[in-house]
Amino acid sequence: MSSHDGFETLAIHAGQEPDPLTGAVVPPIYQVSTFKQDGVGGLRGGYEYSRSANPTRTALEQCLAALEGGASALAFASGLAAEDCLLRTVCSPGDHVLIPDDAYGGTYRLFAKVLAGWGISHTVVAMSDLAAVRAELEARPVKVIWVETPTNPLLNIADIRALAHAAHEAGAMLVVDNTFASPYLQQPLRLGADVVVHSTTKYLGGHSDVIGGAIVLADEELAEPIGFTRNATGGVPGPFDAWLTLRGIKTLAARMDRHCRNAMRIAEMLAEHPAVAQVFYPGLPTHPGHKTALEQMRAFGGMVSFRVLAGEEAAVAACGRTRLFTLGESLGGVESLIEHPARMTHASVAGSVLEVPGDLIRLSVGIEDCDDLMDDLQQAM
Ligand SMILES: Cc1ncc(COP(=O)(O)O)c(C=O)c1O
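Reading the values: rules and limits
Residues numbered from 1 in each chain as written. Predicted model: local features only at pLDDT ≥ 70, side-chain atom pairs only at ≥ 80, totals over all residues. Heavy atoms only, no water. Buried < 20%, exposed > 50% of the residue type's maximum accessible area, 1.4 Å probe, protein only. Helix = DSSP H or I, 4+ residues; strand = E, 2+ residues; numbered from the N terminus. Contact = heavy atoms within 4.5 Å. Polar contact = N/O pair within 3.5 Å; in protein donor to acceptor, adjacent residues only side chain to side chain. Pairing = 2+ DSSP bridges. Axes fitted to C-alpha atoms, helices over the stretch in contact; angles between N-to-C directions. Near = heavy atom within 4 Å. Areas by Shrake-Rupley, 256 points an atom, 1.4 Å probe, with all protein chains shown as cover. Nonpolar A, V, L, I, M, F, W, Y, C, P; charged D, E, K, R; others polar.

Visitor: Would you explain helix α6 (residues 160–169) in this entry?
Guide: Residues lying three or four places apart along an α-helix face the same way, a consequence of the helix completing one turn every 3.6 residues. Here α6 has its buried residues at Ile160, Ala162, Leu163, Ala164, Ala166 and Ala167. Where α6 is buried, its residues touch α5 (130–139), β4 (144–148), β5 (173–177) and α11 (290–296). One side-chain oxygen of the residue at the start of α6 lies 3.3 Å from the amide nitrogen of Arg161, identifying that residue as Asp159. Of the residues one or two after α6, Gly171 is the one with positive phi, at around 75 degrees.

Structure (structure tokens):
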């Protein structure tokens, strides 16, 4: 690929040269566990066993690296498998990590319920508050700052460039979970982050039909140790899952444009709605992170959260009354989803500092006709 190729071109072509053997225009699904060797150790193209490497997975990884502007990428069986592999490679028992005060519940559970038991401690800090982050960096040595922006489910925005600067001054590494934005809207490595992680299950896959994760690295040096851990622990995606994700990525830009347009209209409608107490969407000028989002994002994404004036039971009831918004966990697919974070995706943070309000509803705004989506929400409210 040329270094001048635009995002949409890379999404369709990076890592996806027509197959040299047959001319197939999309990478074949190499549904195979092992590869014939030409004599002992005589590997063809470096492939020996599909846990270590598989050509369909390689195509996905090359595409992901190109889209994030990274040196290399590694694909995983899920977003959490990627997070776990990264943290167990770069951290050792005794290390300390800063984590956000709003984040995907499963990420918090990994830190609080799994890694803490292996000696990796954490402090929760609001990543939108740079002074608070700097104070924590001064308080003790920190190995990793873990950031989501926008966060799940409250859509908080963190200033990636400023956090990268603070992290590097303190000798820490900045990891950004870029799942909500996708590389089309935001490229953290270009803003100074060291590592990007993804749940490719979401916008990258885009069709609610595959679970996957990825790590993208600014620096090639980390690829070897992370690849070693992945091969040693085995959290790899199968070839068909890698292929489905790559197929989804081809339309990422077109889908994201529509997600963003629909979400903005819905956020504006909710902001005027008499039953709504507060809307969380970084595209609204009233959002405290709007200015930073304008600077570091192309547009504001497809996720909208809001609080219902009448309280938790009213929020739960509204989630059950929609026709087009499907009640379900996950996000980032072409179809719209609605959920109640406190009882669903974020049940694992109940009782912690990351607990989410009971009257909160989260929408993953899909790419359907926006008038239909707005009518559906109006009748459900
Ligand atoms: C922001 C974010 N990061 C990571 C994950 C975990 O990804 P996966 O479900 O693919 O393991 C999720 C899942 O919802 C998420 O929303």
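Following the structure, the description resumes.
Visitor: Explain the sheet that holds strand β3 (residues 121–125) here, please?
Guide: Each strand in a sheet pairs with another by means of backbone hydrogen bonds, the pair being arranged parallel or else antiparallel. Taken together, seven strands build an open sheet; the order of strands is β1-β7-β6-β5-β4-β2-β3 and the sheet is mixed. Both outer strands of the open sheet, β1 (72–76) and β3, are each paired with one neighbouring strand and no more. For this sheet, the mean inter-axis angle between neighbouring strands, taken without regard to orientation, is 20 degrees. Lying on the sheet, helix α8 (residues 223–233) is in contact with β1 and β7 (213–217); it crosses β1 at an angle near 15 degrees.

Visitor: Help me understand the site of the ligand in this model?
Guide: In the neighbourhood of the ligand, 13 residues make up the surrounding shell, with Gly79, Asp177, Ser199, Thr201 and Lys202 lying closest. In this structure, an oxygen atom belonging to the ligand sits 2.9 Å away from a main-chain N or O atom of Gly79. Ser199 has a polar side-chain atom sitting 2.8 Å from an oxygen atom of the ligand. For the ligand, the accessible surface in isolation is 390 Å², of which the surrounding protein chains cover 92%. Its residues assigned to classes, the shell around the ligand shows two nonpolar, seven polar and four charged.

Visitor: For this particular structure, what's the right way to read the sheet that holds strand β9 (residues 303–308)?
Guide: Sheet architecture is open: five strands sit in the order β8-β9-β12-β11-β10, paired in mixed fashion. Edge positions in the sheet fall to β8 (276–280) and β10 (326–327), since each of these pairs with one other strand and no more. Bridge analysis of β8 against β9 gives four bridges, and the strand direction is antiparallel. Note on β9: the bridge partner recorded for Phe280 is Ser305.

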